[in-house]
Amino acid sequence: MSSTTSIPATTTTTPQKTQTETPYYPVTVKDFANRTITIEKEPERVVTLAPFLTEDLYYLGLFDRVVGVTKFDDFPPEVANVTRIGGYGKYANLELIANLSPDLIIADSYSLSILDQLEKIAPVIIIDPHSMEDIPRALELLGKVFNIEDKAKEVSSQFEAQLREISSSVSGSKRVRVFYVVWRDPLMTAGGDTFISDLIYLAGGSNIFNDTSGWSTVSMEQVLARDPEVIILTPHCGMTLEEAYEKFAGTSAANSGRIYMVENENDLIHPSPRIIRGLQALVKLLHPEVQGNG
């Protein structure tokens, strides 16, 4: 009987004491768009407007808070059960997002055009990585937003350690010249300021168009002159392996049978810890001799 009366007393006083002495929320953060945002309470219902953001939350152990994702999300597999809110930015369905009653929306720069409308629904955090170094920065920002800073530091440290380990596994190997095909006609590739180029370098390769930027249009004459030793295709580049061997005949890559189709290009282009999977896949293609280390 006496224990029955003591339980309510404990449950009512403990939260009050915690809130008085160590209130975490509201918390104020600065996002990637240099906006200062105050999060009033712990986010429980989150809509993500880019697949890599869903992936970040998954690696941080927060996937169960995600209630809405884009139609392009494909990882983790459980994302198949989450409500789709349309495409990126202006292609998102604002009415559907509002109906999900989110208490936080996380977006990248594609959604800046609809930022005002999104802010009428819930607080918005912009996360927009442009380099490998930005991935840990994104994780740590999310750690602060969700009050899991220790977990975020752990995930960031593990990500950086994996990068170092994989990169060191190929450090003794000769760099191979790589041409990455983004699109067939016009012929497009990844420039030196892209995640693809970073990954090629970390995997022990050298992007033959490292001196260009963004998604660059190049000529067949340039490709032949720079003579790639490995050519990487993606499932959506508009070209089959057979067509590539015909198109790039005469290159070292074609002559040595080193034109490859990557299985999942999203492993290479989503700036989340998932990119480790893409890096491991590239190492297998560029330096099969160090397979045991990857």
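A.B. asks: Can you help me understand the pattern of salt bridges in this one?
C.D. replies: Any two side chains of opposite charge can pair, given that their charged atoms come close. Scanning the entire structure with this criterion turns up 15 salt bridges. Between R274 and E55 there is a salt bridge, with the nearest N and O atoms lying 2.8 Å from each other. Here E55 lies in helix α2 (residues 51-59) and R274 lies in the loop between α11 (266-269) and α12 (275-286), a separation of 219 residues in the sequence. Take E55: its relative accessible area is 0%, and that puts it in the buried class. The residue E243 makes a salt bridge to R184 at a minimum N-O spacing of 3.2 Å. With a gap of 59 residues between them, E243 in helix α9 (residues 241-247) and R184 in the loop between β8 (176-183) and β9 (188-190) connect regions that are remote in the sequence. In this structure R184 comes out as partly exposed when scored by relative accessible area, which is 29%. In this structure, a network of salt bridges that share partners links the residues E55, D74, D267, R274 and R277.

A.B. asks: Explain a negative patch on the surface here, please?
C.D. replies: Among the surface-exposed residues, E133, E140, E149, D150 and E160 lie close enough to one another that they form a single negatively charged patch. When residues of the negative patch are assigned to their parent elements, the largest contribution, three residues, is made by helix α6 (residues 149-169). Note that E149 resides in helix α6. Overall, E149 belongs to the partly exposed group, its relative accessible area being 34%.

A.B. asks: Help me out: how do you make sense of the pairing of strand β2 (residues 36-39) in this one?
C.D. replies: In summary, the side chains of a regular strand alternate between the two faces of the sheet. Residues I37 and I39 line the buried face of β2, whereas the alternating positions T36 and T38 sit on a face that is not buried. Between the end of strand β1 (residues 27-30) and the start of β2, which pair antiparallel, lie five residues, with N34 showing a positive phi angle near 65 degrees.

A.B. asks: In this structure, what is going on with the nonpolar core? I would like to understand it.
C.D. replies: By size, the foremost hydrophobic cluster in this structure holds 58 residues, and its most contacted members are I106, I125, I127 and F146. It is α12 that contributes the most residues to this core, seven residues altogether. V223, M239, A253 and A254 belong to the second-largest nonpolar core, a separate cluster that totals 16 residues.

A.B. asks: Looking at this model, I keep getting lost on the sheet that holds strand β6 (residues 104-107). Mind explaining?
C.D. replies: Two modes of strand pairing occur in sheets, parallel and antiparallel, and in both the strands are linked by backbone hydrogen bonds. Strand order in the open sheet formed by five strands is β5-β4-β3-β6-β7, with parallel pairing between adjacent strands. Each edge of the open sheet is held by one strand with a lone partner, namely β5 (83-84) and β7 (124-126). Pairing of β6 with β7, which is carried by three bridges, proceeds in the parallel orientation. Across the sheet, residue I105 finds its bridge partner in β7, namely V124. Packing against the sheet, α2 makes contact with β3 (46-48), β4 (66-69) and β6, and its axis sits at approximately 135 degrees to β3.

Conventions adopted
- Residues numbered from 1 in each chain as written.
- Predicted model: local features only at pLDDT ≥ 70, side-chain atom pairs only at ≥ 80, totals over all residues.
- Heavy atoms only, no water.
- Salt bridge = Lys/Arg side-chain N within 4 Å of Asp/Glu carboxyl O.
- Helix = DSSP H or I, 4+ residues; strand = E, 2+ residues; numbered from the N terminus.
- Buried < 20%, exposed > 50% of the residue type's maximum accessible area, 1.4 Å probe, protein only.
- Patch = residues over 30% accessible without salt bridge, like charges linked within 9 Å, V, L, I, M, F, W, Y side chains within 5 Å.
- Areas by Shrake-Rupley, 256 points an atom, 1.4 Å probe, with all protein chains shown as cover.
- Lys, Arg positive; Asp, Glu negative; His and termini not counted.
- Charge placed at Lys NZ, Arg CZ, Asp CG, Glu CD.
- Pairing = 2+ DSSP bridges.
- Core = buried A, V, L, I, M, F, W, Y, C linked by side-chain atoms within 4.5 Å.
- Contact = heavy atoms within 4.5 Å.
- Axes fitted to C-alpha atoms, helices over the stretch in contact; angles between N-to-C directions.

Geometric values such as these leave the question of function open.
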